[in-house]
Amino acid sequence: MSEDVTDLIMQDHREVESLFEKLEREPEVRAGLTPVLVTLLSAHSRAEEAEVYPVARDEAGEADDVAHSQEEHLLADRLLAELSECDPFSTAYENKLAEVVDAVSHHVEEEESTVLPGMRSRLDDARRAELGKAFLKSRQEHLGDMPQDITRDELRRQAANADIPVGDKGKEALRRELDQHADS
């Protein structure tokens, strides 16, 4: 298995695409598989935000793309929280799943065509392997987390990654501020 952070991120992307396909085609597995999707994407996002995005921004020169990717994470977090509240056999679930699939697929396509190639070309193999280990460790620590489990520090990191000034706001004020950016 590759330790290159870009390969690890793309492996997660392929796993998420597989989960999307299963959720769309097999409604009978939705009740059990939706929490798997939500917690995998939450852990993946927290690991990218903590370990990958700061390096992509500061060392690989991907500041604009990282800010955009972070804003897409904000939207995905909100949509995933909403999906987890839907009855898996309802029309509302199918509509929300379609929104999640569209938003996440768009994010994956952009990230794989901008941020990850920039990291591959501007960071050496050793640095990408070091980031891969940090990404896996952070992802493991967050497995089981739901989007609403995010901490104030993680919200502040999201704001920094998206280049959103937030001052010294509390957790709920930060969440509202970031939600506004997810909607724009």
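Cut-offs applied
Residues numbered from 1 in each chain as written. Predicted model: local features only at pLDDT ≥ 70, side-chain atom pairs only at ≥ 80, totals over all residues. Heavy atoms only, no water. 1 Å grid on protein atoms, 1.4 Å probe; cavity = no way out; pocket = protein on both sides within 12 Å on 5 of 7 lines; lining within 4 Å. Points joined across faces, edges and corners; volume = space filled by probe spheres on them. Helix = DSSP H or I, 4+ residues; strand = E, 2+ residues; numbered from the N terminus. Nonpolar A, V, L, I, M, F, W, Y, C, P; charged D, E, K, R; others polar. Salt bridge = Lys/Arg side-chain N within 4 Å of Asp/Glu carboxyl O. Buried < 20%, exposed > 50% of the residue type's maximum accessible area, 1.4 Å probe, protein only.

Asker: Account for the layout of surface pockets, naming residues and giving values.
Answerer: Roughly 260 Å³ of volume is contained in the largest pocket. As for the largest pocket, its lining consists of 20 residues, of which Glu72, His73, Ala76, Ala103 and His107 are closest to the centre. Contributing elements (two or more residues each) for the lining of the largest pocket: helix 1 (5–25), helix 2 (30–58), helix 3 (63–85), helix 4 (91–113) and helix 8 (171–183). Ranked by the residues each element gives to the lining of the largest pocket, the list is headed by helix 3, at 7 residues. Partitioning the lining of the largest pocket into residue classes produces 9 nonpolar, 9 polar and 2 charged. Taken together, Leu74, Asp77, Arg78, Ala81, Pro147, Gln148, Ile150, Leu155, Gln158, Arg175, Leu178 and Asp179 make up the full set of residues lining the second largest pocket. Taken together, the elements giving at least two residues each to the lining of the second largest pocket come down to helix 3, helix 7 (152–161) and helix 8.

Asker: Now, about the pattern of salt bridges: what can you tell me, with residues and values included?
Answerer: Opposite charge on two side chains permits pairing when their charged atoms draw close. The tally for this structure, following the rule as stated, stands at 24 salt bridges. Note that Glu49 and Arg46 form a salt bridge whose closest N and O atoms lie 2.9 Å from each other. In this pair, Glu49 and Arg46 both sit in helix 2, 3 residues apart, roughly one turn of the helix. Here Glu49 falls in the buried class, since its relative accessible area comes to 2%. Take Arg46: its relative accessible area is 3%, and that puts it in the buried class. Of the charged contacts, one joins Arg78 and Glu82 as a salt bridge, the two residues approaching to 3.5 Å between their closest N and O atoms. One end of the pair, Arg78, and the other, Glu82, are both in helix 3, 4 residues apart, so they sit about a helical turn from each other.

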